[in-house]
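Inside the fold
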Amino acid sequence: MARHGDLCLALGLAIVTLLSRWPYRARMLYNWDAVQFALALREFDVAKHQPHPPGYFLYVGLGRLLNASLGDPTLAYVALAMLFSAGSTFVLYALARRLYDRATALVAASLLAVSPLFWFYGSVGLTYAGEAFAASVVAWFAYATLAGSVRHLYWGALALGLTGGVRQSVLLLLLPLWLGCALMGVRSWRRVTLAGGLLVGSVLAWLVPMVWLSGGPAAYLAASTQLYGSVLFPTSVLGGSLEITLAQMRYLLESTLVGLGPLGLVALALPVYARRMGWRAPELFLVAWMLPAAIFYTLVHFGQAGYVLTFLSALVVLLSRVLVWAVAAGSERLRRPNWRWALTATAVLPLVLINTGFFVSARPLPREFDHRAAGDTWIWRARDEIHDWIMSRTAAALREHEAVIRTYVETIRTVYEPSDTALVTELGNPRSYPWLRHAMFYMPEYPIYQVQLGPMPPGFYAPQSSATMILTPGAHIRLPAETRRLVWFVDHWDPATPRPEGLREVQLPYGRYLYVLPLTRAPAEYAGYTFERAAR
């Protein structure tokens, strides 16, 4: 009877999670990565970053299955994120119930469902909700393996290998947890070796076709090496500075606090809980789940707030346990043990309401660039980080972001013909998002050129003439002969870059701009680049 009750509670929370995502779902592709996943539905090629390395083969495959019936790449991936969110809530309830008790399971699953960060990534077409689901599934099997279950050892190996095809970071960051539980729980090298073979086989099941579709091992390795050299290495302790490492630590903390909301305050009671209850197997298990990811994101790379979902579920379970324990201790002190559930609900309800209110209503303030006092650099940096890492993961921020994309696309298409207009996007402009991928997806009929600014060597990318995402070195860009104007698809012009003579500024809603340069017979010079029309 108790088992059926737990099943009903877990299913109920999963259904509530699923339904709560629908009103706030993304209607447009959210960011660069989301567009690359959508482009992969048309053509899977890691060399073209469709999607970007390491590939996400099974994730794109699931997206194709949904897109076949929905006919909408954005909705297909959003629906996948919604399903993953519901699955994460269900599995987390089951895991917390196995670790502790029903009260902890109910509190943890409820608070995860309304976590602003978890809610946001369950409403946009990205892999992070899938990462939360995969991590929870692997952890569920790992804890059962720790108890000595050989059956769960094999199922866990299969789950870990296959979820690596959804998001490869799960394979890397959950491998220590799975292997540690296997060695401590089963204590049989033969069985662990057999499970390792199953893990390798399940990885090869998606890795081999992915490499083949990407043009073979050489093309796949070239794309992966290029991305590692340009993205991961500069942020790691091997290639970056101490300032970068400290910044990643700060971003990780800020994103975790967004994921927890006011539940984060319960961390203040952790020392008291540890002193009175001790660190037992469940607590050590949860720490072993969180630690590899926290170390990796601090010392190697932390790209965006969604990375936190690798271990957010573990942290929510741990803090929920401390909260339930504190309430139970309080009810005992009041000599009203029967009040435990009522007091727990009284403590949890405000957390649910605060998280829900923040996600639904909070919106970032407009960015200010032109009137920043020179002596207040740290204040502006703090405001920018609050905008980027805290306030931008809400429903209101998502709606504004989509309105910005829609404004750009509709304005360009209404005013400028693709037959005589070329679009310019920028990589390295500190005042603008790199809009290349959105331009490619929503305006594929326009010639598009992404130029590289700042200290990076000059280079450009023209998707209509490229077989890979590797930039073409050099600064001479040949335009189609019919081109009469360049239109910069950027948020704001970088003041460090001189404006070409004749450049016109077109103000758009939401504090954005278009910049239009009519072309003459003479080549146009800009930021060291030369734009020259081909001869007729």
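What comes next is a walk through the structure. Note on numbering: residues in each chain are counted from 1, in written sequence order. Totals for whole chains, interfaces and linings use all residues, but because this is a predicted model, local features are given only for residues with pLDDT of at least 70 and pairs of side-chain atoms are given and counted only at 80 or more. With hydrogens and water excluded, all non-hydrogen atoms of the structure serve as input to the side-chain values.

**A word on the sheet that holds strand β8 (residues 513-518)**
Read from one edge to the other, the open sheet built from 7 strands follows the order β4-β3-β2-β1-β6-β8-β7, with strand pairing classed as mixed. Edge positions in the sheet fall to β4 (472-473) and β7 (504-507), since each of these pairs with one other strand and no more. Note that strand β6 (residues 485-488) and β8 share 4 bridges and pair antiparallel. Directly across from R485, in β8, lies its bridge partner P518. Only heavy atoms enter the contact rule, under which two residues are in contact if any of them lie within 4.5 Å. Axis lines are fitted through C-alpha atoms, for helices just across the contact stretch, and the angle between N-to-C directions can take any value from 0 to 180 degrees. For the purposes of this entry, the term helix denotes a DSSP run of H or I that reaches at least four residues, the term strand denotes a run of E that reaches at least two, and both are numbered from the N terminus. Together, β1 (421-427), β6 and β8 form the strand contacts of helix α18 (residues 395-415), whose direction differs from that of β8 by roughly 30°. The rule for pairing is simple: two strands pair if DSSP sees at least two bridges between them.

**Section: the packing of aromatic side chains**
Stacked, tilted and edge-to-face are the three classes applied to pairs of Phe, Tyr and Trp rings, where Trp contributes its six-membered ring and a pair requires centres within 6.5 Å; stacked means planes under 30 degrees apart, edge-to-face means over 60, and tilted covers the rest. Within the structure shown, the criterion is met by 31 aromatic pairs. Site record: aromatic cluster; members linked through ring pairs are Y30, F120, Y121, Y128, F296, Y297, F302 and Y307. Geometrically, a lysine NZ or arginine CZ counts as sitting over a ring once it is within 6 Å of the ring centre and also within 35 degrees of the ring normal. The ring of W140 is capped by R98, whose NZ or CZ atom sits 4.5 Å from the centre of that ring.

**Overview of the nonpolar core**
Counting 141 residues, the largest nonpolar core has Y121, L174, L263, F285, L286 and W289 as the members making the most contacts within it. With 12 residues, the single largest contributor to this core is helix α15 (residues 312-333). Non-local contacts of L174, meaning those with residues more than four positions away in its chain, are made with A135, V138, L160, W289 and T310. Joining through side-chain atoms within 4.5 Å is the link that ties buried Ala, Val, Leu, Ile, Met, Phe, Trp, Tyr and Cys residues into a set, and such a set is a nonpolar core. Three labels apply to residues, based on accessible area from a 1.4 Å probe with only protein chains included: buried if under 20% of the type maximum, exposed if over 50%, partly exposed otherwise in between. L486, Y513, Y515 and L517 belong to the second largest nonpolar core, which has 22 residues in total.

**With respect to the pairing of strand β2 (residues 448-452)**
With respect to burial, β2 is a largely interior element, 5 of its 5 residues being buried. Alternating positions in β2 separate into two faces, I448, Q450 and Q452 on one and Y449 and V451 on the other, with burial throughout. Note: β1 against β2, 5 bridges, orientation parallel. Considered in β2, the bridge of V424 is made with Y449. By convention a crossover is right-handed if, when the strands point away from the viewer, the path from the first strand over the helix to the second runs clockwise. In terms of handedness, the path from β1 via helix α19 (residues 436-442) over to β2 forms a crossover that is right-handed. As paired elements, β2 and strand β3 (residues 459-461) share 2 bridges and run antiparallel to each other.

**Quick notes on the side chain of Q36**
Relative to the helices and strands, Q36 is located in helix α2 (residues 32-42). N or O atoms within 3.5 Å of each other form a polar contact, as long as, within protein, one can give a hydrogen and the other can take it, and as long as residues adjacent in sequence are counted only when both atoms are side-chain atoms. A distance of 3.0 Å separates a polar atom in the side chain of Q36 from a polar atom in the side chain of W32. Setting aside residues no more than four positions away along its own chain, Q36 makes contact with H49, Q50, P51, H52 and R437.

**Describing the environment of L309**
Within the secondary structure, L309 is located in the loop between α14 (281-299) and α15. Residue classification places L309 among the buried residues on the basis of a relative accessible area of 1%. Sequence separation between L309 and R383 is 74 residues, and the spatial gap between their C-alpha atoms is 24 Å. Apart from the residues lying within four places of it in its own chain, the contact partners of L309 are L117, F118, Y121, Y128, A129 and A132.

**So, α14**
With 19 residues, α14 should cover 27 Å at 1.5 Å per step; its first-to-last C-alpha distance of 27 Å lies within 8% of that length. A maximum bend of about 25° is found in α14 at M290, where proline P292 lies one to four positions downstream. Along α14, the residues that are buried comprise P282, E283, F285, L286, W289, M290, A293, Y297 and T298. Among the structural elements, α4 (73-99), α7 (128-146), α9 (168-185), α12 (242-260), α13 (270-277) and α15 are those in contact with the buried residues of α14. Expected span of a helix, by definition, is 1.5 Å for each gap between consecutive residues, and there is one gap fewer than residues. A residue's bend is the angle separating two fitted axes: one through the seven residues that end there, the other through the seven that start there.

**Some points on α7**
Helix length check: α7 (19 residues) gives 26 Å between terminal C-alpha atoms against 27 Å at 1.5 Å per residue, within 8%. Of all 19 residues in α7, 16 are buried; the element is thus mostly enclosed.

**Some thoughts on the pattern of salt bridges**
Take a side-chain nitrogen of Lys or Arg and a carboxyl oxygen of Asp or Glu: if they are within 4 Å of each other, that pair is a salt bridge. In total, this model carries 12 salt bridges according to the counting rule given. For R484, the salt bridge identified is with D420, shortest N-O distance 3.6 Å. With R484 in the loop between β5 (476-479) and β6 and D420 in the loop between α18 and β1, this pair connects stretches of sequence that are 64 residues apart. Among the residues examined, D420 registers a relative accessible area of 12% and is labelled buried. Between R512 and D491 there is a salt bridge, and its shortest N-O distance comes to 3.1 Å. On the criterion of sequence distance, the pair formed by R512 in the loop between β7 and β8 and D491 in the loop between β6 and β7 is long-range, its members being 21 residues apart. By relative accessible area, which is 5% here, D491 ends up buried.

**Let's talk about the packing of helix α5 (residues 102-113) against helix α16 (residues 340-361)**
Contact geometry of α5 with α16 gives a least axis separation of 10 Å together with a crossing angle of 10°. Considered as vectors, α5 and α16 are oriented roughly parallel to each other. Judged by residue contacts, R102, A103, L106, V107 and L111 of α5 engage R340, W341, T344, V348, L351, V352 and N355 from α16. Looking at the contact of α5 with α16, its residues break down into 8 nonpolar, 2 polar and 2 charged. Roughly parallel means an angle under 35 degrees; roughly antiparallel, over 145; roughly perpendicular, 65 to 115; everything else is oblique. Each residue is assigned to one class: nonpolar for Ala, Val, Leu, Ile, Met, Phe, Trp, Tyr, Cys and Pro, charged for Asp, Glu, Lys and Arg, and polar for all the others, Gly among them.

**Some remarks on the packing of α7 against α14**
Two numbers describe how α7 lies on α14: the axes approach to 11 Å, and their chain directions differ by 140°. The pairing of α7 with α14 is recorded here as oblique in orientation. At the point where α7 passes α14, the crossing takes the right-handed sense. Only P282, F285, W289 and Y297 of α14 make contact with α7, whose side of the interface consists of E131, A135, S136, A139, A142 and Y143. When its residues are assigned to classes, the contact of α7 with α14 shows 8 nonpolar, 1 polar and 1 charged. Note: crossing handedness is left-handed where the near helix turns anticlockwise from the far helix by less than a right angle, and right-handed where it turns clockwise.

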